[in-house]
Amino acid sequence: SQQGEEDPQALSIQEGENATMNCSYKTSINNLQWYRQNSGRGLVHLILIRSNEREKHSGRLRVTLDTSKKSSSLLITASRAADTASYFCATDALGAGNMLTFGGGTRLMVKP
Amino acid sequence: GAVVSQHPSWVICKSGTSVKIECRSLDFQATTMFWYRQFPKQSLMLMATSNEGSKATYEQGVEKDKFLINHASLTLSTLTVTSAHPEDSSFYICSARTSGTAYTGELFFGEGSRLTVL
């Protein structure tokens, strides 16, 4: 079963705008990861945030983690048409042997 | 980053035939690989965990006799869909992770294989 629930399921924005995606989970974690998937392709790792971290940046990506609320957000700033893809959060739950559980994903469309 | 190669990227077969999909870690050793199935506009569904030199661990509801997994070396895992039927048509994706001192926590994915059973 999937631990992560993502919100929204789909998001459509204009190029240049920021995109925010949220992920909620249920159990304690070692880390939370975000992945991107272009249509018909494999997933690409974007960023990993550990349970003792609250915020992490990578280029135009900003990830936050609130372990008290069991939630994370992915912010893409100044979006580009090339950011159009599905974005998945994945949790590495405590005691799960480093197994990742993927959320349902957010389908992002950035209109030029 | 580490590279995982998966092929074929797409395959069309007749009902009743078997199809083999390969997943290779190109520049690292992967003692553990994972096989997923993905339906359109949905998330990844873990099918099984492939362990080098031992039997795969299948998720509940996945038929082990239907989806044969072999992980004979540290760089290769194969998924064979036996006696394929149209309902087996799907997108299959493999992933691998580094281990030991090289472990980073992230998964490296193949490009996926689109199976269409006629």
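Here goes a summary of the coordinates provided. (Residues numbered from 1 in each chain as written. Chains lettered and ligands numbered in written order. Predicted model: local features only at pLDDT ≥ 70, side-chain atom pairs only at ≥ 80, totals over all residues. Heavy atoms only, no water.)

1. Focus on the layout of surface pockets
There is about 490 Å³ of room inside the largest pocket. Contributing to the lining of the largest pocket are 24 residues, with Ser39, Gly40, Ser86 and Arg107 of chain A together with Lys41 of chain B lying nearest its centre. Those elements giving two or more residues to the lining of the largest pocket turn out to be strand 2 (10–14), strand 9 (85–93) and strand 11 (106–111) of chain A. Top contributing element to the lining of the largest pocket by residue count: strand 11 of chain A, with 4 residues. Here the lining of the largest pocket is built from residues that sort into 9 nonpolar, 12 polar and 3 charged. (1 Å grid on protein atoms, 1.4 Å probe; cavity = no way out; pocket = protein on both sides within 12 Å on 5 of 7 lines; lining within 4 Å. Points joined across faces, edges and corners; volume = space filled by probe spheres on them. Helix = DSSP H or I, 4+ residues; strand = E, 2+ residues; numbered from the N terminus. Nonpolar A, V, L, I, M, F, W, Y, C, P; charged D, E, K, R; others polar.)

2. Some points on unusual backbone geometry
Most peptide bonds take the trans configuration, and most residues that are not glycine carry a negative phi. Put simply, Asp7 of chain A and Pro8 of chain A share a cis peptide bond, and its omega is -5 degrees. Assignment of secondary structure puts Pro8 of chain A in the loop between strand 1 (5–7) and strand 2.

3. Here we look at the interface of chain A and chain B
Contacts between the two partners involve 21 residues from chain A and, on the opposite side, 21 residues from chain B. Both sides together, the interface formed by chain A and chain B hides about 1,500 Å², and carbon and sulfur atoms give 53% of it. The interface formed by chain A and chain B includes 1 salt bridge. In this structure, Glu111 of chain B and Arg41 of chain A form a salt bridge, with 2.4 Å as the shortest nitrogen-oxygen distance. At the surface where chain A touches chain B, the tally comes to 6 residue pairs in polar contact (both at pLDDT 80 or more). Among the elements that take part in the side of chain A that touches chain B, strand 5 (residues 43–50) of chain A stands out by supplying 4 residues, more than any other. (Contact = heavy atoms within 4.5 Å. Buried area = accessible area lost by both parts, 1.4 Å probe. Salt bridge = Lys/Arg side-chain N within 4 Å of Asp/Glu carboxyl O. Polar contact = N/O pair within 3.5 Å; in protein donor to acceptor, adjacent residues only side chain to side chain.)

4. Notes on the nonpolar core
Residues Phe67 and Leu115 of chain B are the most contacted members of the largest nonpolar core, which totals 26 residues. Secondary structure elements with two or more residues in this core: strand 2 (10–13), strand 3 (19–25), strand 4 (32–38), strand 5 (44–51), strand 7 (67–73), strand 8 (76–81), strand 9 (90–96) and strand 11 (113–117) of chain B. With residues up to four places along the chain from it excluded, the contact list for Leu115 of chain B reads Val11, Cys13, Val19, Val81, Asp88, Ser89, Ser90 and Tyr92 of chain B. Within the second largest apolar cluster, 20 residues are counted, among which are Cys23, Ala85, Tyr87 and Val110 of chain A. (Core = buried A, V, L, I, M, F, W, Y, C linked by side-chain atoms within 4.5 Å. Buried < 20%, exposed > 50% of the residue type's maximum accessible area, 1.4 Å probe, protein only.)

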